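Commentary on secondary and tertiary structure
The lines below spell out each chain.
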Amino acid sequence: KGMCAGLRVHAFVFSRTSIRERVKTKLLINRREFLQKSSLAASAFATLPTRIWPYSQASVPALDPNSLARFVDPLPILPVAQSSAARPDPTNSAVQIPYYRAAMRKFASKVHRDLPPTRQWGYSSNVPGPLFETRKGSGLLVEWANELPARHFLPIDHHLGGAEIGKPEVRAVVHLHGGKTPAESDGYPESWFVPGKSAICHYPNDQDATLLWYHDHAMGINRLNIYAGLLGLFVIRDSAEDSLNLPSGRYEVSMVIYDRMLKRDGQLDYPVSENSPNPWVPEVFGDAILVNGKLFPYLDVEPRRYRFRLLNGSNGRFYHLSLANGEVLHQIGSDQGLLTAPAPLRDIMIAPGERVDFIIDFADHAGEQIVLQNDAFVVMQFRVSRKKTEDPSSLPSTLTSVPRIPESRAVKTRTLSLDEYEDDAGNSILMLLNKSRWNMPVTENPVLGSTEIWEFINPTDDSHPIHLHLVKFQVLDRRRFEAFAFQTKGEVRFTGPVTAPDANEMGWKDTVRADPKMVTRIIVPFEGYTGRYVWHCHILEHEDNEMMRPYDVIAEP
Ligand code: C2O
Ligand code: CU
Ligand code: CU
């Protein structure tokens, strides 16, 4: 804890959330507010954060989304990205591959019929950005152009690493999350570029069919750029998946779910701490839940099977989704592709950065209206038409094979702690991976082609979704341990049995929940490329405040 001298390790100071409570938490609460609300302090509401807001008057009050009419906007179907040209493949100039250009721009769009347009930043002026569609092994090039304004409209914290005073306010760099991408195209957080500049990235897509997503990754302001709207989906297909005859075409719907705080004038709000000049807050939970950019949308469906591909693109909110009529969702895939068999679930848990691929069969529900909910909160509605239609699609009982990697294949086990530090007032102020700041020398340096076990020791009260760039991995297990002994003596004392991953975590993953007071183990084949990548917590406020580390994939010595 050397570098954090003077700071207490965040331990039992407050028993904040169980993960379940957290999913239920409606509106977001920074730690200090929580302390105030949960302590005997009388004036819990006297210190709500003040807001710096160039787009919207500071005096405009917060919007209560429940005051709006529900199901008045259709769910937007994402526009598909169109390539503008072909250019030589950088690794084989004899081959031409599609070339796309996506410009990040400021624009405004309505998130609800009865609100004025919301100013946002989007790729190709869309939030979520255009949907990239490609196939395994079909590489493509994207020119990501920064055409954003020179000033940011969300509260930058200049105390965070990478966002110091003197750095340009508006910086952007794009990462393809889940992509097996060469390091120079992976969107390294420090490889940002300013308005007027662009970067051309090469995505070889040499990987199995799945849903990836692209998003901003600029050091120190990533949470703000994504909150502003810089995120989008990227689908890879392959022949193995084609042969399954899953619902496709208009019966396959891609969606991004994310939460925002809105003001009554429809503008985005992002909370700041009362700790100025350090506006950073440890988590943001908005009470407006948007799907593909709309609040409470509805989708007209036919009484047949549909495939839904869903990303949790929220900064920090976990969802616990279910259908209000109790109907089963059949999860068929996770972050990095199909599960071996459909997992019938009454509810699906999804952490920031994770994707779920699931089938809903509306066949027995002609004429009904079915709500998709997050615990008790309404998210969207499916309106099933009366007219019976043909359903030539299938839901096979076997989807693919995902051979479990034997632990014996691992050449190394890395034990990595997830740490939170707070100041004397109990404000969470810093989060680290393995007690190391971003700027400290690289400590994780797997050899290309080797397999390692990474175990995440989480003594904190938060569930941290941990993501590694470049690779896909399998979740081995989780096991409860005693946080106090770990924090005081560095000992890992298990207090519970080894628990297997959930059925929907048995496929390939790139993001895993490291649950509170648990050791979570993953096994990772480091395949693809050598070079510098990153691994981090996908709660964006954590990632921006040091919960991110570089790692190197090195050539066999
Ligand atoms: Cu969604 Cu560094 O990634
Ligand atoms: Cu990533
Ligand atoms: Cu975290």
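As a starting point, this report considers the structure included with it. (Residues numbered from 1 in each chain as written. Chains lettered and ligands numbered in written order. Predicted model: local features only at pLDDT ≥ 70, side-chain atom pairs only at ≥ 80, totals over all residues. Heavy atoms only, no water.)

The next point concerns the pattern of salt bridges. One side chain can pair with another of opposite charge once the charged atoms of both are near each other. Applying the stated criterion across every chain, the model contains 40 salt bridges. Residues Lys509 and Asp335 are paired through a salt bridge, measuring 3.1 Å at the closest nitrogen-oxygen approach. Highlighted residues: Lys509 in the loop between strand S30 (494-499) and strand S31 (511-514) and Asp335 in the loop between strand S19 (329-334) and strand S20 (337-345), separated in sequence by 174 residues. Assigned by exposure class, Lys509 and Asp335 land together as buried. Notably, a salt bridge pairs Arg493 with Glu491, separated by 3.1 Å at the nearest N-O pair. Taken together, the shared-partner salt bridges in this structure form one network comprising Glu133, Arg237, Glu241, Glu252, Arg307, Arg309 and Asp357. (Salt bridge = Lys/Arg side-chain N within 4 Å of Asp/Glu carboxyl O. Helix = DSSP H or I, 4+ residues; strand = E, 2+ residues; numbered from the N terminus. Buried < 20%, exposed > 50% of the residue type's maximum accessible area, 1.4 Å probe, protein only.)

The omega angle of the peptide bond from Val127 to Pro128 is -5°, so this bond is cis rather than trans. Along the chain, Pro128 falls in the loop between strand S5 (118-123) and strand S6 (129-135). Within the chain, Ser125 stands out as a residue other than glycine whose phi angle is a positive 55°. With respect to the helices and strands, Ser125 occurs in the loop between S5 and S6. For Ser125, a relative accessible area of 25% translates into the label partly exposed. Here the phi dihedral of Leu470 falls at roughly 75°; this positive angle occurs in a residue that is not glycine.

Here we take up the coordination of the copper ion (ligand 3). For a metal with four tetrahedral donors the ideal donor-metal-donor angle is 109.5 degrees, whereas six octahedral donors ideally subtend 90 or 180 degrees. At the metal site, the copper ion (ligand 3) is ligated by His464 (ND1), Cys537 (SG) and His542 (ND1), and these contacts range over 1.9 to 2.2 Å. Summarised as a motif, the one-chain spacing of the donors to the copper ion (ligand 3) is H-x72-C-x4-H. Taken together, the positions of His464 in strand S28 (residues 464-468) and His542 in helix H6 (residues 540-544) put the pair 78 residues apart, joining distant regions of the chain. A residue is classified by how much of its surface remains accessible, and His464, at 0% relative accessible area, is buried. (Donors = N, O, S within 2.8 Å, 3.2 Å for Na, K, Ca; no water.)

A separate point is the nonpolar core. One finds Met104, Trp144 and Phe234 to be the most contacted residues of the largest nonpolar core, which totals 65 residues. With five residues, strand S11 (residues 231-237) is the single largest residue contributor to this core. The contacts of Trp144, once residues within four sequence positions are left out, are Ala102, Met104, Tyr123, Phe132, Val174, Phe193, Lys197, Ser198, Ala199, Cys201, Tyr203 and Tyr214. (Core = buried A, V, L, I, M, F, W, Y, C linked by side-chain atoms within 4.5 Å. Contact = heavy atoms within 4.5 Å.)

Okay, the sheet that holds strand S10 (residues 210-216) next. Here four strands make up an open sheet; going across it, the order is S6-S11-S10-S8 and the pairing mixed. Every interior strand has two partners, whereas the edge strands, S6 and strand S8 (174-177), have only one. Between one strand and the next, the sheet's axes are offset by a mean angle of 20°, whatever the strand orientation. Two strands pair when backbone bridges link them, and S8 and S10 are joined in this way by four bridges, in the antiparallel orientation. Residue Leu176 lies in a different strand from S10, and its bridge partner there is Tyr214. (Pairing = 2+ DSSP bridges. Axes fitted to C-alpha atoms, helices over the stretch in contact; angles between N-to-C directions.)

On to the coordination of the copper ion (ligand 2), then. Taken together, the protein ligands of the copper ion (ligand 2) are His175 (NE2) and His467 (NE2), with distances of 1.9 Å. A residue pair is termed long-range when its members are at least 10 positions apart, and His175 in strand S8 and His467 in strand S28 qualify at 292 residues. Considered together, His175 and His467 belong to a single accessibility category, that of buried residues.

Function-wise, these values are silent; they only describe arrangement.
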